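Each chain, written out:
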Amino acid sequence: MGNMIFIAFLSIVLWSLIWIQGEYSTFKIESEAIRVEHFESQQKMLKTEVTDLVKYIRNMRAQAEQELKLTIKERVYQAHQIALNIYQQNIESKSHDEIKKMIKDALRPVRFDGGRCYYFAVSMDGIEVLYPVNPELEGKNLIDLQDSKGRFVIQNEIKIIKESGEGFVRSYWIKPDKNPGVQFPQITFIKHFKPLNWYFGTGDYLDDFEKQIKKELLNSVVTLRFGREGYFFGSTFKGEPLFSNGKITRGTGSVWDLTDPNGVKIIQEQRKTVENPQGGFIHYSWNKLNRSTPSPKVSFVQGIPGWEWMIGGGVYLDTIEKTISKNRAALTIGIKKKVVRSILILAVIMCLIYLWSRRISNQIQKSIKTFSLFLKKASVDSITINPNDIQLKEFREIAVLTNKMLKDRKQAEKALQESENRLNTLMNATADVVFLAEPDGTFLAVNNALAESLRMEKEELVGRKMSEFVSKETAEKREAVLEKILDDKKSFHGEYEHAGKYFEYSVYPIFDDNGNIKQAGVFSRDITHEIRMEEKLRQVQKMEAIGTLAGGIAHDFNNILFPVIGYTEMLLNDVSEESHFHTSLTHIYTAAMRATELVKQILTFSRQEKSELKLMKIQYVVKEVLKLIRSTIPATIEIKQNIYADCGAVKADPTQIHQIIMNLMTNAYHAMEETGGEMTITLREIQVDGYDLVTPDMEPGSYVCLTVTDTGIGMDKVIIEKIFDPFFTTKEQGKGTGMGLSTVHGIVKSMGGVVQVYSEPGKGSNFHVYFPVEKSSFKELKTRNKEIIQGGAEKILLVDDEEAIVTMEREMLEQLGYQVTSRTSSIEALKAFRAKPDKFDLVITDMAMPNMPGDKLAVELTRIRPDIPILLCTGFSETMSEEKAASLGIKGFLFKPIVMKDLAQKIREVLDEN
């Protein structure tokens with residue numbers, strides 16, 4: 001043991017001597033290299049420090065200018081908002097001139113920055129509207145106004161407003177209280193005020209704000225230091241001092257001729273150096289602080305041309321020798337300390353090694369003689385202890401118990417792992433959200449679906465509370481569910497809506513032995529698709545029911561219209577065009593024909609078919625609706641119209657346009673029914689460009705804009721968002737179905753147009769409908785000319801279950817010269833035909849009749865006489881078409897109501913072909 005310690009001690013001593021010699025040799029080599037590297041490092045440091053300081057000054061200057069811009073911009077936005085509020089609050093009650101005066105009176109006294117800044121306003125044609133400091137210029141056209149550098153200021157401002165609506169303008173002006181030969185830069189912000197076609201603005205001189213910035217920057221950089229002795233200094237391009245060595249020297253006199261002992265003009269050399277934008281180094285000698293002997297020095301200088309500043313920093317080069325001497329002394333002292341410390345540590349270690357070795361040796365000898373050998377063979381988990389290898393009984397029993405414990409633990413861990421794997425497999429196999437949580441909402445286990453929905457890893461969720469990921473309202477509902485489970489002692493099932501989706505969930509509690517909830521299993525499933533499918537199914541069923549109802553209405557309404565049109569046509573043929581009755585009959589005929597178009601639209605709606613579009617001018621329909629609706633609206637509501645005759649043509653269904661106008665005007669009437677008011681209908685053609693689009697999907701171009709304005713009760717935002725939904729209505733029962741505005745929206749959208757609504761509670765509503773103008777040529781619709789209708793002398797059997805229709809048709813046919821036998825029963829008509837089948841040249845029968853419909857009657861008639869021509873008429877039929885009628889031997893097919901011309905033409909076609 002003693003020999004080993006001695007050899008270790010001797011080895012450490014020899015190694016220490018070699019190490020000391022190597023340290024001194026390395027120091028000599030490194031000292032030479034330090035002298036070279038020191039100069040380069042000092043230059044690099046100087047350049048970095050000065051460059052960073054210059055960059056800082058420039059950034060602060062730019063940031064201050066940006067803050068000034070933001071301040072000016074915010075002021076103009078405030079002026080714009082003040083003007084807009086005044087305009088909106090008074091547009092309905094005051095004239096434009098009164099509103100203009102109110103806006104100018106509100107902005108004229110406003111001042112900023114000690115009274116030197118103010119608001120001004122200019123119209124888009126160059127007229128000075130508001131100029132508080134020179135009110136005598138207000139009302140004058142300053143479009144040719146130039147700044148001190150000859151720039152056309154007003155023209156440039158108007159150009160910016162037209163291009164961008166707002167922006168900054170730079171100009172140069174002579175200050176009233178300054179030298180007239182000096183021009184001062186000014187920055188101004190302007191913003192367009194569309195309601196009056198003005199623009200507002202304000203500004204400030206840059207030199208006023210730069211003085212403050214320069215002062216703040218000098219105060220912040222004057223105390224900056226770098227390295228051991230480095231400091232910054234600064235002066236102007238003309239040699240005026242700014243700061244040096246922690247003191248502001250601005251205003252202390254020129255240092256342009258400052259010279260070092262070797263004759264170097266320091267400031268003048270700096271001025272030459274900063275001609276390079278990147279700056280440069282200068283070398284000279286200067287006295288250190290508290291020393292009279294000059295020392296060599298190197299400085300780096302860089303310029304700021306915008307302010308004509310030179311910023312620099314310098315270091316003395318003789319400090320390196322002191323550093324080397326100090327390093328040598330420090331090295332010597334350090335080596336001595338390390339030697340002494342090493343000796344002491346070595347002595348302590350030797351003692352500790354000796355004591356520790358003796359103790360360990362005794363312990364090992366005792367342990368080896370007993371049972372430690374057997375214990376070393378046993379592994380913690382995988383290797384069991386063989387009791388037969390242990391001689392002592394006590395340790396043999398311990399070995400048996402240890403083996404049993406290891407076996408039981410392995411089996412329990414295996415069973416637990418298998419159970420956990422099965423649970424994880426089941427939880428992650430479903431797309432539904434599944435998790436296990438404590439009563440306070442802490443996640444114990446989660447599946448992939450929950451982790452993916454929260455965009456987190458499962459490991460991140462376990463241990464966190466559910467309240468971190470749900471709203472306060474949802475957390476309160478969770479507490480209510482938990483209380484119900486505690487009361488009922490059973491699972492809970494429910495549904496909820498979140499972010500436009502629907503979910504159903506189930507909570508299964510797990511109770512401890514005391515009946516308290518220990519854990520809870522939660523299952524949540526997205527049922528949005530099922531809900532949406534149910535809603536769609538109900539909507540389809542609703543539309544099918546409406547379609548069926550529409551068909552029945554169309555049939556009955558056509559039967560009502562048929563006599564009206566028929567008798568009107570016959571009267572028109574009998575009455576002279578010069579008679580005043582002719583005009584009234586023409587109006588009746590036109591209205592009845594429009595009613596037939598409405599019926600066709602009902603049929604189109606019920607069949608989900610598109611209407612036939614044609615070129616038309618909307619103004620004629622608007623005037624017609626105004627005449628029609630004036631008689632139905634009480635005198636307490638005043639109707640104003642502003643219809644421009646030069647509006648272009650649009651491609652539309654006239655009946656649909658009629659329906660749009662009627663719906664909008666009826667809604668406006670209902671909004672003012674109780675209080676009265678004013679309804680204004682405006683129709684004009686406008687040009688919409690990319691800047692004025694109502695919606696993003698609206699195409700630029702020409703539009704006919706229909707505006708219906710009322711002064712009624714108005715609507716809030718919640719109602720406005722729902723007014724185009726089918727079956728949504730705010731009217732009392734009997735005044736609305738909820739289909740009016742949804743139909744308007746659907747028609748306008750199918751035409752490529754847009755509907756825009758603006759309304760506020762108590763302030764009425766504005767509906768703007770934009771119809772795209774067709775670029776193709778438009779031909780005016782010709783008035784109905786009296787046509788020559790061809791009749792005949794054949795014998796006709798006329799069958800219809802409506803007495804009024806039979807009477808009217810018989811008179812119409814007899815007026816055409818035909819011999820008519822009429823029946824109001826299909827059974828009686830069949831008897832009459834069977835009695836004398838050769839008596840008739842043609843049979844005209846209705847489709848929908850009791851006992852025997854028209855198609856069945858046609859089959860029976862053709863069985864009696866296969867060559868008999870049959871003309872089938874119907875108001876509406878889903879089961880009958882021209883193709884099917886032809887397959888039954890029916891020669892002609894007409895939809896009610898039938899005008900005389902069509903009926904006469906179809907009769908001649910059928911008879912002449914037979």
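Predicted model, so just to flag it, every value in this text is computed and none were measured.

1. Some points on the overall build of the protein
Regarding its fold elements, the protein presents 22 helices and 31 strands. For the protein, buried positions account for 38% of its 914 residues. Counting only contacts in the protein whose residues sit at least 6 apart along the sequence, the fraction spanning at least 24 positions is 60%. When the accessible surface of the protein is totalled, it reaches about 53700 Å², and 54% of it is carbon and sulfur.

2. Brief notes about unusual backbone geometry
One non-glycine residue with positive phi stands out, namely asparagine 197, at about 55°. Following the sequence through the fold, asparagine 197 ends up in the loop between strand E6 (184-193) and strand E7 (198-205). In this structure, asparagine 851 is a non-glycine residue whose phi angle is positive, near 70°. Following the sequence through the fold, asparagine 851 ends up in the loop between strand E29 (842-846) and helix H20 (854-864).

3. What about the sheet that holds strand E30 (residues 870-874)?
The strand order across the open sheet built from five strands is E28-E27-E29-E30-E31, with neighbouring strands paired in parallel fashion. A strand with exactly one partner marks an edge of an open sheet, and here the two such strands are strand E28 (819-823) and strand E31 (892-895). With direction set aside, neighbouring strand axes in the sheet form an average angle of 20°. Relative to E30, E29 is paired through four bridges, and the arrangement is parallel.

4. Details of the pattern of salt bridges
Oppositely charged side chains are able to pair whenever their charged atoms sit close together. Per the counting criterion, the structure on display carries 16 salt bridges. The closest approach of N and O atoms between lysine 763 and glutamate 760, which form a salt bridge, is 3.3 Å. The exposure class assigned to glutamate 760 is partly exposed, which follows from its relative accessible area of 28%. Between aspartate 912 and arginine 908 there is a salt bridge; the shortest N-O distance is 2.9 Å. Of this pair, aspartate 912 and arginine 908 are both found in helix H22 (residues 900-913), four residues apart, which corresponds to roughly one turn of the helix. For arginine 908, a relative accessible area of 12% corresponds to the buried category.

5. Describing the nonpolar core
Counting 40 residues, the largest nonpolar core has Ile657 and Phe771 as the members making the most contacts within it. At seven residues, helix H15 (residues 654-671) tops the list of elements feeding residues into this core. Beyond its immediate chain neighbours, meaning those up to four positions away, isoleucine 657 contacts Met616, Ile618, Val621, Ala652, Met751 and Phe771. Counting residues in each nonpolar core, the second largest holds 24 residues, with Leu798, Val820, Leu871 and Ile907 among its members.

6. Focus: the pairing of E30
Burial analysis of E30 places five of its five residues in the buried class, the great majority of the element. With burial as the criterion, each face of E30 is covered, one bearing Ile870, Leu872 and Thr874 and the other bearing Leu871 and Cys873. Looking at chain direction, E30 and E31 are connected through four bridges and run parallel. Within E31, the position partnered with leucine 872 by the bridge is phenylalanine 893.

7. Structural notes on the environment of glutamate 699
Along the polypeptide, glutamate 699 turns up in the loop between strand E23 (677-688) and strand E24 (701-710). Along the primary structure glutamate 699 and proline 772 are separated by 73 residues, whereas in three dimensions their C-alpha atoms are 8.9 Å apart.

8. Some details on the sheet that holds E6
If you walk across this open sheet you meet the five strands as E4-E3-E7-E6-E5, and the pairing is antiparallel. Lying at the two open borders of the sheet, with one neighbouring strand each, are strand E4 (128-130) and strand E5 (166-173). Neighbour-to-neighbour, the strand axes of the sheet open up by a mean angle of 30°, direction not taken into account. As defined by bridge partners, strand E3 (residues 120-123) adjoins E4 across two bridges and the pair is classed as antiparallel. Bridging from a neighbouring strand, alanine 121 pairs with leucine 130 of E4. Sheet strands touched by helix H2 (residues 96-107): E4, E6 and E7. Its angle to E7, the strand with the most contacts, is close to 15°.

9. Looking at a nonpolar patch on the surface
On the surface, Ile345, Ile349 and Ile353 cluster together into a nonpolar patch covering about 220 Å² of accessible area. With respect to the helices and strands, the residue isoleucine 349 is situated in helix H6 (residues 319-368).

10. A closer look at the pairing of E7
Burial within E7 is extensive, with eight of its eight residues counted as buried. Residues Trp198, Phe200, Thr202 and Asp204 of E7 are buried on one face, and the alternating residues Tyr199, Gly201, Gly203 and Tyr205, pointing to the opposite face, are buried as well. Summarising the sheet, E3 and E7 pair through four bridges and their orientation is antiparallel. Note on E7: the bridge partner recorded for valine 122 is tyrosine 199. Linking E6 to E7, which pair antiparallel, is a turn of four residues; within it asparagine 197 sits at a positive phi near 55°.

11. What to know about the state of the cysteines
All told, the structure shown has zero disulfides when counted by the stated rule. We note that cysteine 647 lacks a disulfide partner, and the nearest cysteine sulfur, in cysteine 705, lies 9.4 Å from it. Look at cysteine 647 and you get buried, because its relative accessible area is 1%.

12. Some remarks on helix H18 (residues 803-815)
Compared with an ideal rise of 1.5 Å per residue, which puts 13 residues at 18 Å, H18 spans 18 Å between its outermost C-alpha atoms and is within 8% of the ideal. Turning to H18, its buried residues are Ile805, Val806, Thr807, Met808, Glu809, Met812 and Leu813. Where H18 ends, the next residue or the one after it, glycine 817, has phi of about 105°, a positive value.

13. Points about the packing of H18 against H22
Where H18 contacts H22, the two axes come as close as 11 Å, and the packing angle between them is 65°. Helix-helix and strand crossings are classified by hand; for H18 and H22 the assignment is right-handed. For the pair H18 and H22, contact is made by Met812, Leu813 and Gln815 and by Met900, Leu903 and Ile907, respectively. Partitioned by chemical class, the residues of the contact of H18 with H22 number five nonpolar, one polar and no charged.

14. Thoughts on the packing of aromatic side chains
Inspection of the entire model under this criterion finds 13 aromatic pairs. Site record: aromatic cluster; members linked through ring pairs are Tyr87, Phe193, Trp198 and Phe200. The cationic tip of lysine 69 hangs over the ring face of phenylalanine 168; the distance from NZ or CZ to the ring centre is 5.1 Å. The lysine or arginine in question, lysine 191, covers the ring of tyrosine 77, its NZ or CZ lying 4.7 Å from the ring centre.

15. Thoughts on the packing of helix H14 (residues 618-630) against H15
Running from N to C, H14 and H15 point in directions that differ by 45°, and their axes come no closer than 10 Å. With respect to H15, the element H14 is oriented oblique. Crossing geometry of H14 relative to H15 is assigned as right-handed. Along its contact with H14, which presents Ile618, Val621, Val622, Val625, Leu626, Leu628 and Ile629, the element H15 presents Pro654, Ile657, His658, Ile661, Met662, Met665 and Thr666.

16. What about the confidence of the model for the protein?
On average, residues of the protein score 79 in pLDDT, and 78% of them are at 70 or above. Of all secondary-structure elements in the protein, the lowest mean pLDDT belongs to helix H7 (residues 372-377), at 50, while E3 reaches the highest, 94. This model gives residues 777-786 a pLDDT under 50, and the stretch forms 13 contacts once residues within four places in sequence are excluded.

17. Some thoughts on the environment of serine 750
Residue placement: serine 750 occurs in helix H17 (residues 740-750). Residue classification places serine 750 among the exposed positions, given a relative accessible area of 58%. For the pair serine 750 and alanine 652, spaced 98 residues apart in sequence, the C-alpha separation works out to 9.6 Å. Here the side chain of serine 750 touches isoleucine 747 through a polar contact of 2.6 Å, landing on its backbone oxygen.

18. Quick notes on the side chain of glutamate 157
Looking at the element boundaries, glutamate 157 is found in helix H3 (residues 153-164). Buried and unpaired, glutamate 157 has no salt bridge, with arginine 151 as the nearest side chain of opposite charge at 11 Å. Setting aside residues no more than four positions away along its own chain, glutamate 157 makes contact with Phe120, Val169, Ile190 and Tyr199.

About the thresholds
- Residues numbered from 1 in each chain as written.
- Predicted model: local features only at pLDDT ≥ 70, side-chain atom pairs only at ≥ 80, totals over all residues.
- Heavy atoms only, no water.
- Helix = DSSP H or I, 4+ residues; strand = E, 2+ residues; numbered from the N terminus.
- Buried < 20%, exposed > 50% of the residue type's maximum accessible area, 1.4 Å probe, protein only.
- Contact = heavy atoms within 4.5 Å.
- Areas by Shrake-Rupley, 256 points an atom, 1.4 Å probe, with all protein chains shown as cover.
- Pairing = 2+ DSSP bridges.
- Axes fitted to C-alpha atoms, helices over the stretch in contact; angles between N-to-C directions.
- Salt bridge = Lys/Arg side-chain N within 4 Å of Asp/Glu carboxyl O.
- Core = buried A, V, L, I, M, F, W, Y, C linked by side-chain atoms within 4.5 Å.
- Patch = residues over 30% accessible without salt bridge, like charges linked within 9 Å, V, L, I, M, F, W, Y side chains within 5 Å.
- Disulfide = S-S within 2.5 Å.
- Expected span 1.5 Å × (residues − 1).
- Left-handed = near helix turned anticlockwise from the far one by under 90°.
- Nonpolar A, V, L, I, M, F, W, Y, C, P; charged D, E, K, R; others polar.
- Phe/Tyr/Trp six-rings, centres within 6.5 Å; stacked < 30°, edge-to-face > 60°.
- Lys NZ or Arg CZ within 6 Å of the ring centre and 35° of its normal.
- Parallel < 35°, antiparallel > 145°, perpendicular 65-115°, else oblique.
- pLDDT = per-residue confidence, 0-100.
- Polar contact = N/O pair within 3.5 Å; in protein donor to acceptor, adjacent residues only side chain to side chain.
- Lys, Arg positive; Asp, Glu negative; His and termini not counted.

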